[in-house]
Amino acid sequence: MTDVFGLSHKDPSPVKDANPVHPVRHEQVAFCCDERSGLYAIIAIYSTALGPGLGGTRFYPYESEQAALADVLNLSRAMAYKNALAGLDHGGAKAVIIGDPATAKSEALLRAYGRFVQSLGGRYYTACDVGTYSEDMDVVARECSYVTGRTEAHGGAGDSSILTAFGVFQGMRAAAQHVYGTPSLKGRRVGVEGVGKVGHRLVDHLIEDGAEVVICDVNEQAVDRVRRRHPAAQVVADAAALTAADIDVYAPCALGGALDDATVARLTAKIVCGGANNQLAHPGVEKQLTERGILYAPDYAVNSGGVIQVADEIEGFNMARARARAARIFDTTMKIFDMAEEEGVPPGAAADRLAERRMSEVGRLRGIWLGR
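Residues numbered from 1 in each chain as written. Predicted model: local features only at pLDDT ≥ 70, side-chain atom pairs only at ≥ 80, totals over all residues. Heavy atoms only, no water.

A. Here's a closer look at the packing of helix α5 (residues 161–180) against helix α13 (residues 319–327). Two elements in contact, α5 and α13, have axes whose closest approach is 9 Å; the angle formed by their N-to-C orientations is 30 degrees. Classified by the angle their axes make, α5 and α13 are roughly parallel. The hand of the α5/α13 crossing is right-handed. Residue-level inspection shows I162, L163, F166, G167 and Q170 of α5 in contact with α13, the latter providing M319, A322, R323, A326 and A327. When its residues are assigned to classes, the contact of α5 with α13 shows seven nonpolar, two polar and one charged. (Axes fitted to C-alpha atoms, helices over the stretch in contact; angles between N-to-C directions. Helix = DSSP H or I, 4+ residues; strand = E, 2+ residues; numbered from the N terminus. Parallel < 35°, antiparallel > 145°, perpendicular 65-115°, else oblique. Left-handed = near helix turned anticlockwise from the far one by under 90°. Contact = heavy atoms within 4.5 Å. Nonpolar A, V, L, I, M, F, W, Y, C, P; charged D, E, K, R; others polar.)

B. Representation of unusual backbone geometry within the structure. Unlike most non-glycine residues, N278 shows phi in positive territory, near 50 degrees. Counting through the fold element by element, N278 comes out in the loop between β11 (271–272) and α10 (284–291).

C. How the structure looks around the sheet that holds strand β10 (residues 249–252). Reading across from one edge, β9-β8-β7-β10-β11-β12 is the order of the six strands in this open sheet, with parallel pairing throughout. Each edge of the open sheet is held by one strand with a lone partner, namely β9 (234–235) and β12 (295–296). Alignment of strand β8 (residues 212–216) against β9, held across two bridges, turns out to be parallel. The partner of V214 across the bridge, within β9, is Q234. (Pairing = 2+ DSSP bridges.)

D. Structural view of the environment of Q170. With respect to the secondary-structure elements, Q170 resides in helix α5. Note on Q170: relative accessible area 7%, which makes it buried. Measuring from C-alpha to C-alpha, the distance between Q170 and P183 comes to 8.8 Å, with 13 residues separating the pair along the chain. Contacts of Q170, omitting those with residues within four sequence positions, involve A326, A327, I329 and F330. Side chain to side chain, Q170 and R173 meet in a polar contact 2.8 Å long. (Buried < 20%, exposed > 50% of the residue type's maximum accessible area, 1.4 Å probe, protein only. Polar contact = N/O pair within 3.5 Å; in protein donor to acceptor, adjacent residues only side chain to side chain.)

So this is what it looks like as structure tokens:
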């Protein structure tokens, strides 16, 4: 199951800094505490170069304040790149609430959190993430104007996995175009690891496009749901069996870190494109993929449909408009592959360069004084 920003609910542990040599500089980090409600939160705003920061609120029982801080700093930086590459007028930000949501979450805590978000004056828009849901955002919004990812009953977009899966499919079409010369997956064998909220919708797109699908999931109910809808879908025991199978495309849609040294060594697919976040177990994995002739579609580029969907709520949600924006993931992914070839770098590096270029070129316009 994946949240609106493409981060795995099954893998909520703190992410590691992808580039620890260069310290990450943030515009603002706010520590928020309300003892009576039990709220202890950290809000990190990495950049507002493109607009107010946008990123979800993760509610998780971190083992220490330092672990929570490390997570929110890395996640907010990642959101800056995701939002930039998605073409959104939003910077990167994220928040974490320290505690077990099963026992600590309450109306008072969520409303206290909303007041702290409101105190930032619109520099940060929050939404749901691991441990929080659209219903929680409705409660936060009772104290705050800068909330998105709300329920349909309150004007929100509803299930963001709809456009997350659609965006991953567009990225996969772009990868097929680059490798096979056609944007169709018809006749291709696609292995989908994880058929939760995003994965099962991706299977729908693939079957409709004429692909053969192989699936696996630790949740038998999720597998059964896909089999009932698509009896022709093949099921394998686990991720190891899936990645060793004779497949053309591997789509990791469950845990982060799915691509490690062992996985890459046994992978038969020519394309990796999935909805999971932080798919590479370490930075050297993409080099290994390149050396083996496997095309990697950067996860934060192709799984950005969810953040596109919740960002659209800020204007007053329109599914047709949001879907059209998510469809552009195809063009963005093609641009990444083209740049990677032209500059002789892996697709992940090309994606970073495109995001940084937009933050620089568009962000500098804020230096043009508009008066009071």
